[in-house]
Amino acid sequence: MKKIFFILSLLVLVPFSLHADTKKTAIYFYADWCPHCQKVNAYFTEQGFYDKYDIQKLNFDDPANKELLNQVFADQGYKGGVGIPAIVIDNKMLVGDQQIIGEFQSTIDASKGISQQYVYNVKAKNSASNSIPMFALLGAAFVDASNPCALAVLILLLATVIAAKGKNRALLSGFMFSLAIFLSYFAMGIGLYKAIGAAGVSKYLSLGVGVLAILI
């Protein structure tokens, strides 16, 4: 009987002990060059908040973190642009050193510890809103495939090849033409053209392709 009572006591006490050890979380956007962030950092260090709470620091200079903070600001309805230091506690934001220093402890003590989930939901919602529906993508592909210019070039090509080489060669030429168009759009889709443009070699590539087209 005593053993059963002991086991039941453990089952009751363990969840409470686990809950007691769980730290309240906050997402902190900062930058090393920001003097207001330095004030907040000094205050947190002085008060021992980095040990008491789970404060996850995200450097604003990282493009991904900057984009994430933009999403959070938009979700919160801020109209004056993005600023740091900024702290997310649950679904509430504290912006600026004065507000953070004045309201941080009371806000995080009253929080439910869902800061990470809130930030994740904002990011997921923004990604979903930026995604293109498949039917819209297929419709745009169909419209672009019926481009009169491309069809005119294809017809001219087939007519020329049929007259010179026959139907079998024309079939092969039409297939190669379609494959070239597909590869071109595929390269565009994976960002190859943007990479070439960023490398600064697009001018020379265009000249090379133009010379090759004239020779062919």
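Look up a bit, the structure's there.
Report on the accompanying structure. (Residues numbered from 1 in each chain as written. Predicted model: local features only at pLDDT ≥ 70, side-chain atom pairs only at ≥ 80, totals over all residues. Heavy atoms only, no water.)

**Overview of the overall build of the chain**
Counting secondary structure elements, the chain contains 11 helices and 4 strands. Expressed as a percentage of the 216 residues in the chain, the buried residues total 22%. Counted over contacts in the chain with a minimum sequence separation of 6, partners at least 24 positions apart contribute 58%. Carbon together with sulfur atoms contributes 67% to the accessible area of the chain, which is approximately 15,300 Å² in total. (Helix = DSSP H or I, 4+ residues; strand = E, 2+ residues; numbered from the N terminus. Buried < 20%, exposed > 50% of the residue type's maximum accessible area, 1.4 Å probe, protein only. Contact = heavy atoms within 4.5 Å. Areas by Shrake-Rupley, 256 points an atom, 1.4 Å probe, with all protein chains shown as cover.)

**Looking at the sheet that holds strand S1 (residues 25-30)**
A sheet is described by the order of its strands in space; here 4 strands give the open sequence S2-S1-S3-S4, paired in mixed fashion. Across the chains shown, the open sheet's two edge strands, defined by having one partner strand only, are strand S2 (54-59) and strand S4 (92-95). For this sheet, the mean angle separating the axes of adjacent strands, direction not counted, is 20°. Taken together, the 3 bridges between S1 and strand S3 (residues 86-89) define a ladder with antiparallel strand orientation. Counterpart to Phe 29 in the pairing with S3 is Ala 86. Along the sheet, helix H4 (residues 63-76) contacts S1, S2, S3 and S4; its crossing angle with S4, the most-contacted strand, is approximately 115°. On top of the sheet, helix H5 (residues 97-109) reaches S1, S2, S3 and S4; it is set at about 155° to S4, its chief contact. (Pairing = 2+ DSSP bridges. Axes fitted to C-alpha atoms, helices over the stretch in contact; angles between N-to-C directions.)

**Quick notes on the layout of surface pockets**
A volume near 390 Å³ is recorded for the largest pocket. Along its surface, the largest pocket is lined by 14 residues, and Ala 141, Asp 144, Ala 145, Ile 181 and Tyr 185 are the ones closest to its centre. Listed by contribution, the elements that provide at least two residues to the lining of the largest pocket are helix H7 (134-145), helix H8 (148-165) and helix H9 (167-189). Here the element with the most residues in the lining of the largest pocket is H9; it accounts for 7 residues. By residue class, the composition of the lining of the largest pocket is 10 nonpolar, 3 polar and 1 charged. (1 Å grid on protein atoms, 1.4 Å probe; cavity = no way out; pocket = protein on both sides within 12 Å on 5 of 7 lines; lining within 4 Å. Points joined across faces, edges and corners; volume = space filled by probe spheres on them. Nonpolar A, V, L, I, M, F, W, Y, C, P; charged D, E, K, R; others polar.)

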